[in-house]
Amino acid sequence: MHKNGKTEHCGGRQYGYVRVSSREQNEARQLAAMCNAGIRAEYIFADKQSGRDFERPQYKKLLRRLFLLAAGCLVFAWILLDTEQASSAAKSLWNLISPFVAGAVIAFVFNVPMRAIERQLDGIHKEGLRRVLSIVLTIAALALVIMFVVEMLAPQIQVTVAALTERIPTFIEQTSAKLMQLMDDNPDMKAWIMEVADLESLEWTKILKDSMGFLGNQMSTVMGSAVNVIGSVTSGIVNLVVSIAFAIYCLARKEILARQGRRILYSLIPEKTGDEIIRILRLTNSTFSNFISGQCLEACILGGLFAVTMAIFRMPYIPLVSVIIAVTALVPVVGAFVGCVLGAFFILVDNPLQALTFVAMFLILQQHRQSGTPAVMSEVEKVLDLSVSAVLKIR
């Protein structure tokens, strides 16, 4: 092997480095020697640089990869030796980065309508201004949707809660009257209950005193819980603000962040593997962007169908239930069923028979709704298959 050829072993995998001093020199002999030594081509790094200094891009790339592999081995050994401390550190790290992960997810979702809005602003030639306007319009549009949903739900929920509040005392009175009538009609059962309960021998004063003492002892616990709740709410608000700010930053500089991500990726892994990962990420972005768009459209159509069908059957709470169905349908698979349970509960308060009709109507409409699902699932399965193939190639 040439004197400028080096090999490194890390984790059972061999890396090779080749350097020639000028572009006129041919490194083919060194590369062939590396391959004959059993080193795979994607793990061989070659530079055509002078030996006067260490400005060698491929050599630096090799050192970065070896450093990351060594650091990964050390972290893995630490996890095995001190699982409890590693778990605590991982939890702390997750608490630190979770707002940024949430911000990245928000940016991914917001990017779908933002791209559509940005395409409509092609007349604005200043790219920075067009990007700012598209972000502002996207946030404004989503805020209007949220305000519309709240305006639709809040009055209906208030009416429903008021109706429940009025009917619960009546229900309790009716139930109590039926129980008393049952007791009067069955004196033997009444005597047995009185004997078992032994209500007359109870020391009501002592029971009341003990209850007051228990409540007094629990006040400190309640206050501590209240402080914890306030702290959790404050932390949640701070994390939400950080997530939204990070999402706006990602949307404003998404092209730059994508370029930087590619550079980092290609500096850490072989070019062939990086190309495969980039291809899968692009397909994932396209597939799930279409999925989000289709899910929003499907939710609006489903809410409209429920509104029309409920109006035909003259069911109560049409605006409330149809909006709930549309909003919960945004969550794949289980979302619509959650909306069905909530809608059936609201209708049950007014008319139990119509609640059963609503459930049957939901099952029929849900069956028709599934006709659009296989196309989406096939795209998702395609992404998963490509991911598996990429992992196999990497290994």
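1. As for the overall build of the protein chain
- A count of helices and strands for the protein chain gives twelve helices and three strands.
- Counting the 395 residues in the protein chain, one finds 25% classified as buried.
- Split by element, the accessible area of the protein chain, about 26700 Å² in all, is 68% carbon and sulfur.

2. Examining the layout of surface pockets
- Counted as a void, the largest pocket has a volume near 1200 Å³.
- Lining of the largest pocket is provided by 36 residues; of these, L142, V145, I146, C296 and L330 occupy positions nearest its centre.
- Counting residues per element, the ones that place at least two in the lining of the largest pocket are α3 (83-120), α4 (127-185), α6 (204-252), α8 (271-312) and α9 (318-328).
- Partitioned by chemical class, the residues of the lining of the largest pocket number 30 nonpolar, six polar and no charged.
- Estimates place the volume of the second largest pocket at around 920 Å³.
- Contributing to the lining of the second largest pocket are 23 residues, with F108, N111, K254, A258 and N285 lying nearest its centre.
- Among the elements of the structure, α3, α6, α7 (254-268) and α8 are those that each provide at least two residues to the lining of the second largest pocket.
- Per element, the largest residue contribution to the lining of the second largest pocket is eight residues, and it comes from α7.

3. Observations regarding the confidence of the model for the protein chain
- Averaged over all residues, the pLDDT of the protein chain is 77; the fraction at 70 or higher stands at 78%.
- Contacts for the low-pLDDT stretch residues 372-384, under 50 throughout, to residues beyond four places or in other chains number eight contacts.
- Counting interchain partners and residues more than four positions distant, the pLDDT-below-50 stretch residues 390-395 has nine contacts.

4. Description of the side chain of T138
- Looking at the secondary structure, you find T138 in helix α4.
- Overall, the relative accessible area of 2% leaves T138 in the buried class.
- Sequence-distant contacts of T138, defined by excluding residues within four places in its chain, comprise F110, P113, M114 and I117.

5. Overview of the nonpolar core
- Ranked by internal contacts, the top residues of the largest apolar core, which has 25 residues, are F306, M310, F358 and M361.
- Contributing elements (two or more residues each) for this core: α4, α8, α9, α10 (335-350) and α11 (352-369).
- Not counting chain neighbours up to four residues away, the residues in contact with F358 comprise F306, M310, M315, V321, I325, C340, G343, A344 and I347.
- Counting eleven residues, the second-largest nonpolar core is a separate cluster that includes V18, M34, Y59 and L66.

Cut-offs and rules
- Residues numbered from 1 in each chain as written.
- Predicted model: local features only at pLDDT ≥ 70, side-chain atom pairs only at ≥ 80, totals over all residues.
- Heavy atoms only, no water.
- Helix = DSSP H or I, 4+ residues; strand = E, 2+ residues; numbered from the N terminus.
- Buried < 20%, exposed > 50% of the residue type's maximum accessible area, 1.4 Å probe, protein only.
- Areas by Shrake-Rupley, 256 points an atom, 1.4 Å probe, with all protein chains shown as cover.
- 1 Å grid on protein atoms, 1.4 Å probe; cavity = no way out; pocket = protein on both sides within 12 Å on 5 of 7 lines; lining within 4 Å.
- Points joined across faces, edges and corners; volume = space filled by probe spheres on them.
- Nonpolar A, V, L, I, M, F, W, Y, C, P; charged D, E, K, R; others polar.
- pLDDT = per-residue confidence, 0-100.
- Contact = heavy atoms within 4.5 Å.
- Core = buried A, V, L, I, M, F, W, Y, C linked by side-chain atoms within 4.5 Å.

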